[in-house]
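Below, each chain spelled out in residue letters.
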Amino acid sequence: TGALSLAGTLASNITVTGAAADLTLAAAGGSVNITASEAIGDAVVITASNGAGGIVVTAGTGGIALNAAGIVTVQPGTVTAAGAAATLSKNVGVVTLTGLVTASGAVETLTITNTICTAGSAILVSVSTVGAEDAQMTIQRVVPGAGSFVVKVKNNGAASLASNLIMTFWIVAA
């Protein structure tokens, strides 16, 4: 009972060692604050070091706020494939499709095999081209399915697509 305070003037550690030995920081009826004042990009680091480990953030109806001055990085999965189909089973991904030749006014159907995707998935998608030609690829439709999703893009430019097409996606809800 009562307040507990630990203070140090040098780098310090609290370590629990052993299989399935957990460290819990809890505040019943209060809040838990982690604060760092060092002016460095990794001033606060949370790591799950086991390759199969994960990090879960759970919040109530108050939500989760990322106050990062507009600088938020998400590391996507990536794949490069020839043609209009690729396989990438990640929630966030960048797919580079090579060898596509889509005439002006034509529609291209892109298929991404993704085991995370369900027929009810909400998916954010963008496309871009890297060539100097006047191909202007615009998304017409995104159709989620069980184990894959299809993106229909139309070339609204004056010239054929003759370069790589880069698709970025985020499966927000699987």
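Residues numbered from 1 in each chain as written. Predicted model: local features only at pLDDT ≥ 70, side-chain atom pairs only at ≥ 80, totals over all residues. Heavy atoms only, no water.

Asker: What is the right way to read the sheet that holds strand E7 (residues 148-155) from this model?
Answerer: Hydrogen bonds between backbone groups are what pair the strands of a sheet, and the pairing can be parallel or antiparallel. Here we have four strands laid out as an open sheet, ordered E2-E4-E7-E6, and mixed in their pairing. Looking along the sheet, the strands with just one partner apiece sit at the ends: strand E2 (85-87) and strand E6 (137-145). Across the sheet, the mean angle from the axis of one strand to that of its neighbour is 20 degrees, orientation sign disregarded. As defined by bridge partners, strand E4 (residues 107-113) adjoins E7 across seven bridges and the pair is classed as antiparallel. Across the sheet, Val-107 pairs through a bridge with Lys-154, a residue of E7. (Pairing = 2+ DSSP bridges. Helix = DSSP H or I, 4+ residues; strand = E, 2+ residues; numbered from the N terminus. Axes fitted to C-alpha atoms, helices over the stretch in contact; angles between N-to-C directions.)

Asker: Before we go on, may I ask you to explain the sheet that holds strand E5 (residues 122-129) in this structure?
Answerer: Read across the sheet, four strands follow the order E1-E3-E8-E5 without closing on themselves; strand pairing throughout is mixed. Of all the strands in the sheet, the pair left with one neighbour each is strand E1 (77-82) and E5. Between one strand axis and the next, the sheet turns through 20 degrees on average, direction left out of account. Looking at chain direction, E5 and strand E8 (residues 165-173) are connected through eight bridges and run antiparallel. Looking at E8, one finds that Val-127 is bridged to Met-167.

Asker: Help me understand the environment of Ile-46, please; the structure alone is not making it clear to me.
Answerer: Looking at the secondary structure, you find Ile-46 in the segment before E1. Judged by relative accessible area, Ile-46 falls into the exposed class, the value being 62%. Through-space distance from the C-alpha of Ile-46 to that of Gln-75 is 16 Å; in sequence the pair is 29 residues apart. (Buried < 20%, exposed > 50% of the residue type's maximum accessible area, 1.4 Å probe, protein only.)

Asker: What should I look at first to understand the packing of aromatic side chains in this one?
Answerer: One pair of aromatic rings is described through two measures. These are the centre distance and the angle between the planes. For the coordinates displayed, the defined rule picks out one aromatic pair. Ring centres of Phe-149 and Phe-169 lie 5.1 Å apart, and the angle between their planes is 65 degrees; on these two criteria the pair is classed as edge-to-face. Within this pair, whereas Phe-149 is found in strand E7, its partner Phe-169 is found in strand E8, the two being separated by 20 residues in sequence. The same class applies to Phe-149 and to Phe-169, which are both buried. (Phe/Tyr/Trp six-rings, centres within 6.5 Å; stacked < 30°, edge-to-face > 60°.)

Asker: I keep staring at the side chain of Thr-96 and nothing clicks. Help me out?
Answerer: Within the secondary structure, Thr-96 sits in strand E3 (residues 92-98). Discounting residues that sit within four places of it in the chain, Thr-96 has contacts with Val-79, Thr-80, Ala-81, Asn-164, Leu-165 and Ile-166. (Contact = heavy atoms within 4.5 Å.)

Asker: Whenever I open this one, the nonpolar core confuses me. Can you help?
Answerer: Side chains of a nonpolar character, in soluble globular proteins, are inclined to be buried together. Membership of the largest hydrophobic core comes to 22 residues, with the highest contact counts inside it found for Val-95, Leu-97, Leu-110, Phe-149, Leu-165, Met-167 and Phe-169. Put simply, the parts of the chain that give this core at least two residues each are E3, E4, E5, E7 and E8. Per-element accounting of this core gives the leading share, four residues, to E8. The residues contacting Phe-169, other than those within four sequence positions of it, are Leu-88, Lys-90, Asn-91, Val-92, Gly-93, Val-95, Ile-112, Asn-114, Ile-123, Leu-124, Val-125 and Phe-149. (Core = buried A, V, L, I, M, F, W, Y, C linked by side-chain atoms within 4.5 Å.)

Asker: Explain the side chain of Ser-163 to me, please; I cannot follow it from the model alone.
Answerer: Inspection of the secondary structure puts Ser-163 in the loop between E7 and E8. Among the polar contacts made by the side chain of Ser-163, one reaches the side chain of Glu-133 at a distance of 3.0 Å. If sequence neighbours within four positions are ignored, Ser-163 has contacts with Leu-100, Thr-129, Val-130, Gly-131 and Glu-133. (Polar contact = N/O pair within 3.5 Å; in protein donor to acceptor, adjacent residues only side chain to side chain.)

Asker: So what exactly am I meant to see when it comes to the environment of Val-94 here?
Answerer: Residue position: Val-94 is located in strand E3. The spatial distance from the C-alpha of Val-94 to the C-alpha of Ile-71 is 19 Å, given a sequence separation of 23 residues. Residues in contact with Val-94, not counting those within four places in the same chain, are Pro-76, Gly-77, Thr-78, Val-79, Leu-88, Ile-166, Met-167 and Thr-168.

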